[in-house]
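In case you want the letters, here they are:
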Amino acid sequence: MEDTDQLPFVLENATLKQDATGHVFPDRYAIKEVGTDRALTCFEAPNLQVIIKAGLTVTASAARKAPPGTIYLDGVAQAEPFLDHDKKVYNLDHHEGCVRTFTLATCEQALIMCVKGLDLRDREWKIFANEPDLDTILAIWIILNHQRINNRDAIHRRSLFALVRLEGIIDALGLELRELSGLPADLLQKLMRVIDRLRMEELELKKAGEWSKTDFLAYTIGVLRKLDQFLIRLGELDDFKGVEELARIELTNNRIAVVVASDIGIYELEPHLTKLYGNRLGWVALRRGKHDYTLRQMDLFMPVNLEDVYQRLNFMDPAVKGRIKVNRWGGSGDIGGSPRDLGTRLLPGEIVSACRDVIEKRSDIRHVKRFLSSAAISMLIVIASIATAQNWEPARWLGREALGEVFLSPVVGLHAALLFFTLIMLGIVAFRRPWQFGMMLPAGKDWWRLLPMAIICGFTGDILVPTETMFNADPVVAWTFALVLVPLSLELLFRGLVHGMMAQLATIQDCESRWFFSGPTIGSALLYATAIGFQMTMMADHPMEILTNGLLIKYIAVAAIFGLVAGMIRERSHSILPAWLFHAAAAATSLLAFGPS
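So, a few notes on the structure that sits alongside this text. Predicted model, so just to flag it, every value in this text is computed and none were measured.

## Details of the overall build of the protein
A tally of helices and strands in the protein yields 20 helices and 15 strands. Against the 2.2 N^0.38 benchmark of 25 Å for 597 residues, the protein shows a C-alpha radius of gyration of 34 Å, more extended than a compact globule. Each principal axis of the C-alpha atoms in the protein carries an extent, and together these give about 110 × 45 × 40 Å. A burial count over the protein gives 52% of its 597 residues as buried. Taking all contacts inside the protein whose residues are at least 6 apart in sequence as the whole, residues at least 24 apart take part in 69%. When the accessible surface of the protein is split by element, carbon and sulfur atoms take 57% of a total near 27,300 Å². Charged side chains of the protein number 63 positive and 68 negative; the gap between the two group centres comes to 2 Å.

## So, the sheet that holds strand 3 (residues 45-52)
The strand order across the open sheet built from seven strands is 1-2-3-9-5-8-7, with neighbouring strands paired in mixed fashion. Edge positions in the open sheet fall to strand 1 (29-34) and strand 7 (82-84), since each of these has one partner strand only. If you compare each strand with its neighbour and ignore which way they point, the axes differ by 25 degrees on average. In this sheet, strand 8 (residues 89-92) lies alongside strand 5 (residues 70-73) in parallel orientation, the contact comprising four bridges. In the sheet register, Ile71 faces strand 8, and the bridge partner there is Tyr90. Against the sheet, helix 7 (residues 216-231) engages strand 1, strand 2 (37-42) and strand 3, with an angle of about 150 degrees to strand 1.

## Overview of the side chain of Asn130
Here Asn130 lies in the loop between strand 9 (125-129) and helix 4 (134-144). A residue is classified by how much of its surface remains accessible, and Asn130, at 15% relative accessible area, is buried. From its side chain, Asn130 meets the backbone oxygen of Leu56 in a polar contact 3.0 Å long. Once residues within four sequence positions are removed from consideration, Asn130 is found in contact with Ile52, Lys53, Ala54, Gly55, Leu56, Thr57, Asp74, Gly75, Val76 and Phe216.

## Some words on the pattern of salt bridges
For the structure on display, the rule yields 22 salt bridges. The partner of Glu80 in a salt bridge is Arg64, with the nearest N and O atoms 2.6 Å apart. Within this pair, whereas Glu80 is found in the loop between strand 6 (77-78) and strand 7, its partner Arg64 is found in helix 2 (residues 60-64), the two being separated by 16 residues in sequence. Classification of Glu80 as partly exposed rests on a relative accessible area of 30%. Of the residues examined, Arg64 reaches a relative accessible area of 34% and is grouped as partly exposed. Here the salt bridges do not stand alone but share partners, grouping Arg28, Glu44, Arg148 and Asp228 into one network.

## A look at the nonpolar core
Side chains of nonpolar character tend, in soluble globular proteins, to be buried together. Ranked by internal contacts, the top residues of the largest apolar core, which has 62 residues, are Trp141 and Leu227. When sequence neighbours within four positions are dropped, the list of residues in contact with Trp141 reads Arg28, Tyr29, Ile149, Ile155, Leu160, Leu224, Leu227, Asp228, Leu231 and Ile232. Of all hydrophobic cores here, the second largest spans 56 residues; its members include Leu490, Met536, Ile569 and Ala586.

## Some points on a nonpolar patch on the surface
Residues Phe420, Ile424 and Ile428 make up a contiguous nonpolar surface patch of roughly 320 Å² in combined accessible area. Accessibility expressed as a relative area gives 41% for Ile424, which makes it partly exposed.

## What about helix 6 (residues 185-207)?
Arg199 marks the point of greatest bend in helix 6, at about 50 degrees. Looking only at helix 6, the buried set comprises Leu187, Leu188, Leu191, Met192, Val194, Ile195, Leu198, Glu202 and Leu205. Trailing helix 6 by a residue or two, Gly209 shows a phi angle of about 75 degrees, which is positive.

## Digging into the sheet that holds strand 10 (residues 244-250)
The six strands are arranged 10-11-12-13-15-14 in an open sheet whose pairing can be described as mixed. Pairing within the sheet leaves two strands with one partner each, and these edge strands are strand 10 and strand 14 (330-331). Relative to strand 15 (residues 335-337), strand 14 runs antiparallel, the two sharing two bridges. Of the residues in strand 15, the one forming a bridge with Gly330 is Gly337.

## Some remarks on the side chain of Ser409
Mapped onto the elements, Ser409 comes out in the loop between helix 12 (394-398) and helix 13 (410-429). According to the relative accessible area criterion, Ser409 is buried, its value standing at 13%. Setting aside residues no more than four positions away along its own chain, Ser409 makes contact with Trp392 and Met470.

## Here's the deal with the packing of aromatic side chains
Tallied over the full model, the rule gives eleven aromatic pairs. Between Trp211 and Phe216, the ring centres sit 5.2 Å apart and the planes meet at 45 degrees, which makes this aromatic pair tilted. By relative accessible area, which is 9% here, Trp211 ends up buried. On the basis of relative accessible area, Phe216 is assigned to the buried category, the value being 8%. It is Lys206 that lies over the ring of Trp211; its NZ or CZ is 5.2 Å from the centre. Between the NZ or CZ atom of Arg572 and the centre of the ring of Trp515, over which it lies, the distance is 4.0 Å.

## Structural notes on the packing of helix 4 against helix 5 (residues 157-173)
It is the contact of helix 4 with helix 5, at a shortest axis distance of 10 Å, that shows an interaxial angle of 150 degrees. As the angle between them shows, helix 4 and helix 5 are arranged roughly antiparallel. Where helix 4 crosses over helix 5, the handedness of that crossing is left-handed. Along its contact with helix 4, which presents Leu134, Asp135, Leu138, Trp141 and Ile142, the element helix 5 presents Leu160, Leu163, Val164, Glu167 and Asp171. Tallied by class, residues from the contact of helix 4 with helix 5 come to seven nonpolar, no polar and three charged.

What counts as what
- Residues numbered from 1 in each chain as written.
- Predicted model: local features only at pLDDT ≥ 70, side-chain atom pairs only at ≥ 80, totals over all residues.
- Heavy atoms only, no water.
- Helix = DSSP H or I, 4+ residues; strand = E, 2+ residues; numbered from the N terminus.
- Rg over C-alpha atoms; globule rule 2.2 N^0.38 Å.
- Buried < 20%, exposed > 50% of the residue type's maximum accessible area, 1.4 Å probe, protein only.
- Contact = heavy atoms within 4.5 Å.
- Areas by Shrake-Rupley, 256 points an atom, 1.4 Å probe, with all protein chains shown as cover.
- Lys, Arg positive; Asp, Glu negative; His and termini not counted.
- Charge placed at Lys NZ, Arg CZ, Asp CG, Glu CD.
- Pairing = 2+ DSSP bridges.
- Axes fitted to C-alpha atoms, helices over the stretch in contact; angles between N-to-C directions.
- Polar contact = N/O pair within 3.5 Å; in protein donor to acceptor, adjacent residues only side chain to side chain.
- Salt bridge = Lys/Arg side-chain N within 4 Å of Asp/Glu carboxyl O.
- Core = buried A, V, L, I, M, F, W, Y, C linked by side-chain atoms within 4.5 Å.
- Patch = residues over 30% accessible without salt bridge, like charges linked within 9 Å, V, L, I, M, F, W, Y side chains within 5 Å.
- Bend = angle between axes of the 7 residues up to and from the residue.
- Phe/Tyr/Trp six-rings, centres within 6.5 Å; stacked < 30°, edge-to-face > 60°.
- Lys NZ or Arg CZ within 6 Å of the ring centre and 35° of its normal.
- Parallel < 35°, antiparallel > 145°, perpendicular 65-115°, else oblique.
- Left-handed = near helix turned anticlockwise from the far one by under 90°.
- Nonpolar A, V, L, I, M, F, W, Y, C, P; charged D, E, K, R; others polar.

Right under this line is the structure:
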């Protein structure tokens with residue numbers, strides 16, 4: 001036990017032990033909010049979260065079915081001690097389902113697991129406890145410092161073993177049997193003084209009747225800091241980097257993306273990040289200021305590089321909104337950063353979510369599910385609008401018998417209902433991120449190249465326009481209907497709502513990208529063409545004649561082509577307005593060339 005003998009230790013409340021550079025030991029522990037819980041974390045093990053709640057218990061069945069990455073300590077799980085390596089669920093306990101006299105204490109079980117080589121860096125872990133007695137806190141310290149346990153140069157290993165053994169005996173068998181630890185008398189006395197110092201605050205709080213009111217996490221941090229002073233060798237923390245993990249997310253193939261905060265640069269931080277996360281780190285975002293981030297690809301063999309991540313971040317960031325005449329996320333394929341002037345308005349959790357979205361875009365199943373959900377919503381809106389048109393009685397609803405003949409037309413009711421239902425749905429799904437659904441001013445200019453295609457679609461004569469009856473009744477209102485209500489209702493639904501929903505999981509164009517047909521453009525065009533065919537059939541006086549007429553196929557084909565053109569206009573302009581404008585141009589061309597339908 002020469003570690004302890006040569007370095008006698010006395011805990012002092014006022015003075016912290018200094019390291020080799022003359023500085024006090026760094027503060028490695030913090031409390032942070034995790035959902036509705038508060039959790040204790042260690043900066044050197046950011047994937048471990050300790051949750052301590054007074055009276056917390058789970059049944060044996062619930063403990064066995066706990067999510068992977070769960071560790072129960074000292075009485076939380078009402079079950080025998082167990083190690084489920086397949087499910088990554090552990091119960092370190094000596095209360096239920098065992099003979100307490102013959103069972104190691106919780107801290108001893110934790111120590112044996114770590115000495116046997118347990119590596120907890122492979123995933124996120126939650127450690128649950130219900131009371132921070134010394135047995136539990138020692139187990140927590142061992143788990144949080146599991147990477148140091150087998151490094152003889154990092155900690156006073158013999159001191160740790162002796163302290164854990166003595167506390168285990170006392171906790172399991174009682175203070176009167178402490179000599180069963182087999183420690184020499186002088187060492188036993190030294191360790192008893194250490195234990196007394198470590199438990200001093202606990203005993204004072206219990207004596208004063210304040211223990212149940214204590215902030216268990218804050219109390220635990222205080223004891224952990226004292227254990228650091230006792231067990232960690234001088235100089236071991238000289239190279240400690242104050243790295244705080246702000247967000248983390250699982251990617252693929254056991255890779256993760258994290259956002260961290262530190263005062264040092266990304267290149268200087270890389271070795272420390274490798275030490276913390278092993279080879280699991282795919283991408284890391286380093287927060288340099290309140291709104292400034294450096295983005296780094298740590299794994300060169302990720303299925304996509306940072307160029308795809310930049311595109312997704314620019315799509316999500318309220319400070320960018322996909323525009324070009326502002327600073328954007330960008331850089332090279334392996335390192336880049338946030339907008340330089342004003343920074344980003346994304347939160348750390350949103351940054352890592354963007355990284356995961358880029359990976360999950362490669363999932364065909366998710367694309368199919370997104371297409372089907374978009375199709376279901378758009379068809380429900382179309383069906384509800386057709387039902388409204390077939391029962392369109394605005395004069396009776398508004399109590400105004402003098403409404404013009406144009407307003408009484410079911411076609412007006414159809415597109416008014418389309419606009420109404422689409423705006424409601426957009427208000428629900430696009431309220432916090434309207435730019436992702438085209439609700440912004442146009443960007444770029446190259447989308448004007450597609451104007452001839454819209455005009456050509458108009459010259460086919462197969463663009464939906466008002467009937468001759470509407471023009472005879474009121475030409476001004478009919479032209480307004482043709483150029484405003486019809487294009488606006490259709491473009492908001494298909495290039496706004498439907499395209500925006502599909503774009504959440506897809507790579508789309510922008511005004512600086514190469515030209516290509518994106519998934520949302522193709523999907524929204526198919527649904528648009530289907531809706532046009534369905535509308536023509538259901539609104540006709542004789543639906544069967546429409547179904548057996550080749551004219552329906554021609555209208556659907558032109559609608560599909562125009563839908564592709566409008567989708568590309570929407571993407572390259574970042575806005576629904578040019579799509580509406582070009583749709584109106586196609587309708588005007590058709591009316592001027594062929595007259596009303």
